[in-house]
There are 4 protein chains.
Amino acid sequence: MIRFECDYAEGCHPKILDALVRTNFEQTEGYGMDPHSLKAEELIKTACHNEDARVYFVVGGTQANKIVIAQVLRPHQGVVCVDSGHIAVHEAGAIEATGHKCLTIPQKNGKLDFADLKSYLENYWADPNHEHMVQPGMVYISTPTEVGTIYSKDELTQISKICREYDIPLFVDGARLGYGFGSKENDLTLKDLSDLADVFYIGGTKVGALLGEAIVFTKPNGLDRDFRSVIKQNVGLLAKGRLIGIQFEELFTDNLYFDISKKAVDQANRIKNAFKEKGFEMWIDSPTNQQFPILTREAIQKLRQNFSFMTWPDTGEPKMITRFCTSWATSDEDVDKLLGHIREL
Amino acid sequence: MIRFECDYAEGCHPKILDALVRTNFEQTEGYGMDPHSLKAEELIKTACHNEDARVYFVVGGTQANKIVIAQVLRPHQGVVCVDSGHIAVHEAGAIEATGHKCLTIPQKNGKLDFADLKSYLENYWADPNHEHMVQPGMVYISTPTEVGTIYSKDELTQISKICREYDIPLFVDGARLGYGFGSKENDLTLKDLSDLADVFYIGGTKVGALLGEAIVFTKPNGLDRDFRSVIKQNVGLLAKGRLIGIQFEELFTDNLYFDISKKAVDQANRIKNAFKEKGFEMWIDSPTNQQFPILTREAIQKLRQNFSFMTWPDTGEPKMITRFCTSWATSDEDVDKLLGHIREL
Amino acid sequence: MIRFECDYAEGCHPKILDALVRTNFEQTEGYGMDPHSLKAEELIKTACHNEDARVYFVVGGTQANKIVIAQVLRPHQGVVCVDSGHIAVHEAGAIEATGHKCLTIPQKNGKLDFADLKSYLENYWADPNHEHMVQPGMVYISTPTEVGTIYSKDELTQISKICREYDIPLFVDGARLGYGFGSKENDLTLKDLSDLADVFYIGGTKVGALLGEAIVFTKPNGLDRDFRSVIKQNVGLLAKGRLIGIQFEELFTDNLYFDISKKAVDQANRIKNAFKEKGFEMWIDSPTNQQFPILTREAIQKLRQNFSFMTWPDTGEPKMITRFCTSWATSDEDVDKLLGHIREL
Amino acid sequence: MIRFECDYAEGCHPKILDALVRTNFEQTEGYGMDPHSLKAEELIKTACHNEDARVYFVVGGTQANKIVIAQVLRPHQGVVCVDSGHIAVHEAGAIEATGHKCLTIPQKNGKLDFADLKSYLENYWADPNHEHMVQPGMVYISTPTEVGTIYSKDELTQISKICREYDIPLFVDGARLGYGFGSKENDLTLKDLSDLADVFYIGGTKVGALLGEAIVFTKPNGLDRDFRSVIKQNVGLLAKGRLIGIQFEELFTDNLYFDISKKAVDQANRIKNAFKEKGFEMWIDSPTNQQFPILTREAIQKLRQNFSFMTWPDTGEPKMITRFCTSWATSDEDVDKLLGHIREL
């Protein structure tokens, strides 16, 4: 059984394992103050072309989301996001557990539409009862989104602009950021992200690391004040912080993060094309490592004999939406095998 | 200027004022352990035909909502409600501040549809990732709703049934409960509510009292365990609790609560009919004390010279939705004056 | 049975009742935007000699404490207070429910000692692990304290100074503030409080009102930004806000608040002196409306036949600490009766 | 520079690294449902001689503490612990951020005294105002404690008994559990812990792992109901959960966890004895891997040239408390070097 069901089915990139073995008996300070974490911060700042950036490492994506939101909002404020956003749906109420509401706007193609955001903010402030409503205190988007789509530089620029008009921070969840950069449609750079967002994170867990996300505060404006205490309070401060530092050191050396991401997206495109060539439609036109072919029950049954992948809940329709993921760990051989089986459907 | 903009523009029913004057120098225990509060509890239990009921008094509706929800839910659970629900929209995030998410379902006529609730609960438990999603831990509805509609006994019975199937409590917000009972369409009694809901409250603030809501736990099942501490923690325990006890004592003596409610609804119906007779449509067909005529700008401008009422945000359309409220304090004279002006439109 | 057990056993001052009756059918805006609340704010600002002050009304003391603390602190911060502080002991965890720790310092005579506070703050910042500890983000004191003692102007000035050195707000709980001002030992004015504290409140519940506390933000520095939303979220915004406004309007007209307080303290002194004349010691030397005679079991038993008062838990000692409270409502006749019985002990 | 400052300065035990390398490209389910996590659960249940136990893995000790406490308490309840407890002092308010108070009792030798606990619980329930006070809802202890002391089986039995009398769960923080079991004074087994505690955890981070703690619910009584959702909400659910599973699989194979712990404690004893032989006193008589010699400034200065270790804040006294930690990673050579320098002091 070959797994295409998610992008976190294996351990980590071999270069990271090598580094862990190599450094294992080094004695370092704890809680992220070790030389590897400090070096990784420098590498990321350089990759962002932003010497003012501040980088913090946490264990996972839900942690990054919860902790950044807890850091940024005042008690009566909420975070604006699309209704399909990870924080709104799949974090078991982690955001609400910090006391904050997810203020949802219907997604379009998985994304937050600039005009929808604008009118949401206008309506809030125009409402004579807005004191009785949760105040929008920041904006959260993901790129790639839950459905694999990405924001263009133009789209991000528009959203950033409206956030600045309303003086609320823009936070970008980059749990799969590498796979966005690896897309042929991408026109965004880390520098752009660093310019346009107030805080974002670079996902490691799904892009080559055992665990770890690098949170980047982009401006020297105090938004990250006392952030380490907020990380600690929200249980994201790793005693052996070096474990994340070492991993990002490797990922941001010799372009590794970007290379492994690009390869995964290329493999996803091969899978997409194979399905399309067999006449299957895609649920959504994803340019990244997640693909969503709409398959017949028969096709699903056949593929399931050798491959695992996600299917949407059965609604009785003759065809069902499925999801196939590649990752930094996907081998060409496994993709070849899948392609072989697709062609035989 | 005569106010029809809300149902809390005046003080309280004169009988209550009399009672406050009469009892002012009585010395009593604090925090709701006084004889008036105990007597009021008995009166309400009798009105509910439920000797097992437990009654607690708090200051306002948002308090009642927040405190009951905090009492009932475990940390990973949320409260199911319609998207127009008071807790979801107009409580400044009071529910989220207790750590809980409002799990919203689109409203139909201001109400929660039984079938929608059923499918929501089914889908949650059928989702293989439901552990990562907020668990529906209780259901919240209001009757009358935000838009003045009410649940029939049949509708409430259906919702109650599905709640019991899923073993989650049903909570009914009755901030305007009297005005529901005062409606000609009403077929629900306090006894029904006490049978079908696990916890509900009887609103005083909008129905004759200076402040105060009576929360009724209907079953001797421990759902109210240590509830007074949860009230205290959520700042709803009034030092001079007698202030609420005395008011409910009056309201539940000689049918006062029901009589003043019925009168207010009758007045609202007169206003509704006057608007309809002049050819204005109603935004929603409300059988209670809130009426929502859709008026021309010209009509609004004219009426505004003598009356205050709410208007929906101006969307540029030629007509606008408005709201006229009556209450226990609305005088026949004021209604007559309004009717006179409506007829002249 | 005459009650000396607390200072909230009766209703409210007759002038307030008169005002409630007089204004009952006035139609006003809700949520504290009515003319009475606005007038009361002006009266309080004048009494504080502080035109920059911002005044907000909430229902009770625990509300005032919870809401101000929620407003002021960032998530990783706590509130410094004495271990006997109301927020640390008797609010059922209301502060922790907002996510914040009470950072306690041992009380001295019920009060926070300046030098203890200084060394607490120094030690926190000197600790190399302070990032892992809750950051002191504000200071809370009460005057009068839980045991009736009061801060002198000098003491308050010292505490204020250290708070400003560390750039953290000073919050003064004045649930019994009137009884402090009514003390012969008092050398503090509302103006001093307004100068030295960043936020404080003037208690109404225990000093003549049915309910209500007036929170005063003393500086135009934005500390109260969006405070009404935080009040709403923490369920302290009263729909019929006029109820509190009218009461403070009366209390701050013709010196009523101060006169009724002074009288209560004078009565408490009579009680104190009567006990002392009979040779009973005081547990603490309280100059305000609470007195703490240490009585024999026999004396307690005798007095209990006609009077209610608090006793500390029975530790088996021959004598027990008791508490006798006077209030704005205490009549000279009741004090005379008590004095008669004390003399006969 | 050789580090004796903490027990998390290195990576992980080589056997764990080997296992990570060996399993790296296995494809597994995420979020702890992989075969390694399931196998590790079985190994731990066997080690506890408790087939009813349920085991959950989280990343770190603060996570384990926060999540278990959030799971167990109702909103108005707090957790009883000693004033030096990790949750009360060094978790940046993580517990309070879940809404719960740490109810502290003065420590004795770092431990919770049975009689103190008993009287705390008695006093709470005897207090007529206990509804206004945070209800003790569970008891938290650590073994070894923050100062290296351990609970005997007798002591734990007494505490367990009083917890059961009051029907509140006993939670044991075992972040350094191995070092307790490795002590010569220890008379406690995993089976005892499993019998006497309701929930405890076995620390991996400080005892050989890169990260990871194994939380054990010991009774089939539903205390762990929906615990995975509470873990997710509190950001402790690792996407690549196998990372922790693999580590505990190794630690609980061939007695590894116990052997490496015992060795570390033996090394700590060598250090303790060396200091004592030179006439230095110990601040506390710790039988585990942390030792607290009281050293002269001169001794500190000399040792600092080659070794890092913690010192307590300088109070101006001629001698200072220090802490020397060993761990699973401490080499005999490093201990020999330290002993050499101690002997030369």
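About the criteria used
Residues numbered from 1 in each chain as written. Chains lettered and ligands numbered in written order. Predicted model: local features only at pLDDT ≥ 70, side-chain atom pairs only at ≥ 80, totals over all residues. Helix = DSSP H or I, 4+ residues; strand = E, 2+ residues; numbered from the N terminus. Rg over C-alpha atoms; globule rule 2.2 N^0.38 Å. Buried ≥ 20, exposed ≤ 12 C-beta atoms within 10 Å, placed from the backbone. Contact = placed C-beta atoms within 7 Å. Expected span 1.5 Å × (residues − 1). Least-squares fit on C-alpha atoms with pLDDT ≥ 70 in both. Core = buried A, V, L, I, M, F, W, Y, C linked by C-beta atoms within 7 Å. Axes fitted to C-alpha atoms, helices over the stretch in contact; angles between N-to-C directions. Parallel < 35°, antiparallel > 145°, perpendicular 65-115°, else oblique. Left-handed = near helix turned anticlockwise from the far one by under 90°. Pairing = 2+ DSSP bridges. pLDDT = per-residue confidence, 0-100. Domains from an automatic or database assignment. Nonpolar A, V, L, I, M, F, W, Y, C, P; charged D, E, K, R; others polar.

Moving on, we get to the overall build of chain A. On a plain count of helices and strands, chain A comes out with 13 helices and 13 strands. A compact globule built from 345 residues would reach a C-alpha radius of gyration of about 20 Å, and chain A, at 21 Å, matches this within 12%. With respect to the three principal axes, the spread of C-alpha positions in chain A is 60 × 60 × 35 Å. Taken over 345 residues, chain A has a buried fraction of 58%. Contacts in chain A between residues at least 24 apart in sequence constitute 75% of all its contacts with a sequence separation of at least 6.

Let us look at helix H2 (residues 35-47) of chain B. For the α-helix, the turn length of 3.6 residues means that residues three or four positions removed from each other point alike. All names here are of chain B. Its 13 residues place the ends of H2 18 Å apart at the C-alpha level, agreeing with the 18 Å of an ideal helix rising 1.5 Å per residue. Summarising the contacts, the buried residues of H2 are in contact with helix H1 (14-23), strand E2 (54-58), helix H8 (190-196), strand E7 (199-203), strand E8 (213-217) and helix H10 (242-251). At the C-terminal side of H2, His49 shows a positive phi close to 50°.

For the pair chain B and chain C, the best superposition has an RMSD of 0.0 Å and corresponds to a rotation of 180° with a translation of 0.0 Å parallel to the axis. Taken together, the rotation angle and the small translation identify this as a two-fold axis. A shared interface surface links the copies, since 100% of the contact residues of chain B are contact residues in chain C too.

One finds Val216 of chain A, Val216 of chain B, Val216 of chain C together with Val216 of chain D to be the most contacted residues of the largest nonpolar core, which totals 408 residues. Not counting residues within four places of it along the chain, the set of residues in contact with Val216 of chain B comprises Ile44, Cys48, Ala53, Val55, Ser194, Val199, Phe200, Tyr201 and Ile202 of chain B.

What follows covers the packing of helix H1 (residues 14-23) of chain C against helix H10 (residues 242-251) of chain C. Residue and element names in this part refer to chain C. It is at 9 Å that the axes of H1 and H10 come closest, and there the two elements cross at 135°. Relative to H10, the element H1 is oriented oblique. The way H1 lies across H10 gives a crossing that is right-handed. Of H10, the residues touching H1 (which contributes Lys15, Ile16, Ala19, Leu20 and Thr23) are Ile246, Gln247 and Glu250.

With that settled, the discussion passes to the interface of chain B and chain C. Opposite the 40 residues of chain B that make contact, chain C presents 40 residues. When contributions to the side of chain B that touches chain C are tallied by element, the ones reaching two or more residues are H1, helix H3 (61-72) and helix H9 (227-233) of chain B. For the side of chain B that touches chain C, the element with the highest residue contribution is H1 of chain B, accounting for 4 residues.

Okay, the pairing of E7 of chain B next. Residues and elements named next belong to chain B. E7 sits mainly inside the fold: 5 of its 5 residues count as buried. Residue alternation in E7 divides its side chains into two sets, Val199, Tyr201 and Gly203 and Phe200 and Ile202, and both sets are buried. Strand direction decides the pairing type here: strand E6 (residues 170-173) and E7, joined by 2 bridges, are parallel. When the bridges of E7 are listed, Val172 appears paired with Phe200. Of the strand pairs in this sheet, E7 and E8 are connected by 5 bridges, and their pairing is antiparallel. Residue pairing for E8: Val199 is matched across the bridge by Phe217.

What follows concerns the confidence of the model for chain A. Considering every residue of chain A, the mean pLDDT works out to 97; 100% of them sit at 70 or more. Scored as a complex, the prediction yields pTM 0.98 and ipTM 0.97.

All names here are of chain B. An order of E2-E8-E7-E6-E5-E3-E4 is seen for the 7 strands of this open sheet, with the pairing classed as mixed. Two strands lie at the open edges of the sheet, namely E2 and strand E4 (102-105), each paired on one side alone. The sheet shows a mean angle of 25° between the axes of neighbouring strands, direction not considered. Where strand E3 (residues 77-82) meets strand E5 (residues 135-142), 4 bridges bridge the pair, whose relative direction is parallel. Looking at E5, one finds that Gln77 is bridged to Gln135. Packing of H3 onto the sheet brings it into contact with E2, E3, E5, E6, E7 and E8, and relative to E8 it is tilted by some 25°.

As a further point, take the domain arrangement of chain A. Residue and element names in this part refer to chain A. We note that the domain assignment places domain 1 (2-7 + 260-343) and domain 2 (14-251) within chain A. With centres defined by C-alpha atoms, the gap from domain 1 to domain 2 works out at 28 Å. Of the residues lining the interface, 15 residues belong to domain 1; the matching set on domain 2 comes to 18 residues. Per-element accounting of the side of domain 1 that touches domain 2 gives the leading share, 5 residues, to helix H11 (residues 256-277). Grouping the constituent residues of the side of domain 1 that touches domain 2 by class yields 7 nonpolar, 6 polar and 2 charged.

So, on to the environment of Leu121 of chain B. All names here are of chain B. Tracing the backbone shows Leu121 in helix H5 (residues 114-126). Look at Leu121 and you get partly exposed, because 19 C-beta atoms sit within 10 Å. Look past the residues within four positions of Leu121 in its chain and what remains in contact with it is Pro136, Ile162 and Tyr166.

Here the focus is the environment of Gly60 of chain B. Following the sequence through the fold, Gly60 of chain B ends up in the loop between E2 and H3. Residue class for Gly60 of chain B comes out buried when judged on the 25 C-beta atoms lying within 10 Å of it. As for Gly60 of chain B and Leu73 of chain B, which are separated by 13 residues in sequence, their C-alpha atoms are 20 Å apart. Ignoring any residue separated from it by four or fewer positions in sequence, one finds Gly60 of chain B in contact with Thr205, Leu211 and Glu213 of chain B together with Val235, Leu238 and Ala239 of chain C.

All names here are of chain D. If you check helix H11 (residues 256-277), its first and last C-alpha atoms are 32 Å apart, about what 22 residues at 1.5 Å a residue would give, namely 32 Å. Of the positions making up H11, those classed as buried are Tyr257, Ile260, Ser261, Ala264, Val265, Gln267, Ala268, Ile271, Lys272, Ala274 and Phe275. Elements in contact with the buried residues of H11: helix H7 (177-181), helix H10 (242-251), strand E9 (290-291), strand E13 (319-325) and helix H13 (332-343). Taken from the residues just after H11, Gly279 is the one with a positive phi, measuring 90°.

Backbone-to-backbone hydrogen bonds join strands into a sheet, with any given pair of strands oriented parallel or antiparallel. Residues and elements named next belong to chain D. Taken together, 7 strands build an open sheet; the order of strands is E2-E8-E7-E6-E5-E3-E4 and the sheet is mixed. Of all the strands in the sheet, the pair left with one neighbour each is strand E2 (54-58) and strand E4 (102-105). Neighbour-to-neighbour, the strand axes of the sheet open up by a mean angle of 25°, direction not taken into account. Helix H3 (residues 61-72) contacts E2, strand E3 (77-82), strand E5 (135-142), strand E6 (170-173), strand E7 (199-203) and strand E8 (213-217) of the sheet and is inclined by roughly 25° relative to E8.

The next subject is the environment of Asn221 of chain B. Residue and element names in this part refer to chain B. Examined against the element boundaries, Asn221 turns out to sit in the loop between E8 and H9. Accessibility expressed as a C-beta count within 10 Å gives 11 for Asn221, which makes it exposed. Residues Asn221 and Asp52, spaced 169 residues apart in sequence, show a C-alpha to C-alpha distance of 9.6 Å.

For the bond running from Thr143 of chain B to Pro144 of chain B, omega is -10°, close enough to zero to count as cis. By secondary structure assignment, the location of Pro144 of chain B is in the loop between E5 and helix H6 (153-165). One non-glycine residue, Asn109 of chain A, adopts positive backbone phi at about 60°. Summarising the element assignment, Asn109 of chain A is placed in the loop between strand E4 (102-105) and helix H5 (114-126). The class for Asn109 of chain A is partly exposed, based on 13 C-beta atoms found within 10 Å.

Before going further, it helps to examine the interface of chain B and chain A. Listed per partner, the contact involves 19 residues of chain B and 19 residues of chain A. Of the residues that constitute the side of chain B that touches chain A, the class distribution is 8 nonpolar, 8 polar and 3 charged.

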